[in-house]
Amino acid sequence: DDCWVSIHGKVYDLTDFVEEHPAGPEAILQNAGADGTAEFAAIHSQSILDDFDPIGELLTATTAAAATTTADAEKDGGAA
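Residues numbered from 1 in each chain as written. Predicted model: local features only at pLDDT ≥ 70, side-chain atom pairs only at ≥ 80, totals over all residues. Heavy atoms only, no water.

> Before we move on, could you go through the sheet that holds strand β1 (residues 4–7) and cite the residues and values that matter?
Taken in spatial order, the 3 strands of this open sheet run β1-β2-β3, and their pairing is antiparallel. Strands at the two margins of the open sheet, each flanked by one partner only, are β1 and β3 (56–57). (Pairing = 2+ DSSP bridges. Helix = DSSP H or I, 4+ residues; strand = E, 2+ residues; numbered from the N terminus.)

> Quick rundown of the pairing of strand β2 (residues 10–13)? Include the residues and the values.
Of the pairings in the sheet, the one linking β1 to β2 comprises 4 bridges and is antiparallel in character. Residue isoleucine 7 lies in a different strand from β2, and its bridge partner there is lysine 10. Remark: 2 residues form the turn of the hairpin made by β1 and β2, two consecutive strands paired antiparallel; histidine 8 in that turn has positive phi of roughly 55°. Bridge analysis of β2 against β3 gives 2 bridges, and the strand direction is antiparallel. Counterpart to lysine 10 in the pairing with β3 is glutamate 57.

Take a look at the structure:
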């Protein structure tokens, strides 16, 4: 099974790191498939994420609407 967690709007595949996490796997697994930003930021500095490559960005209703508007405008040859 995979373990993906969103942190600061980016999605990370932490599957291979779960068992190595110093606080134990449950600290990561409780946020699998969800936004773990609050829990992450309460304990870690942002620089820890430099060791991991994001696999994507978290798409929320707001960012999805903005992306659709931009894509539609570009398709029509105009600006958003």
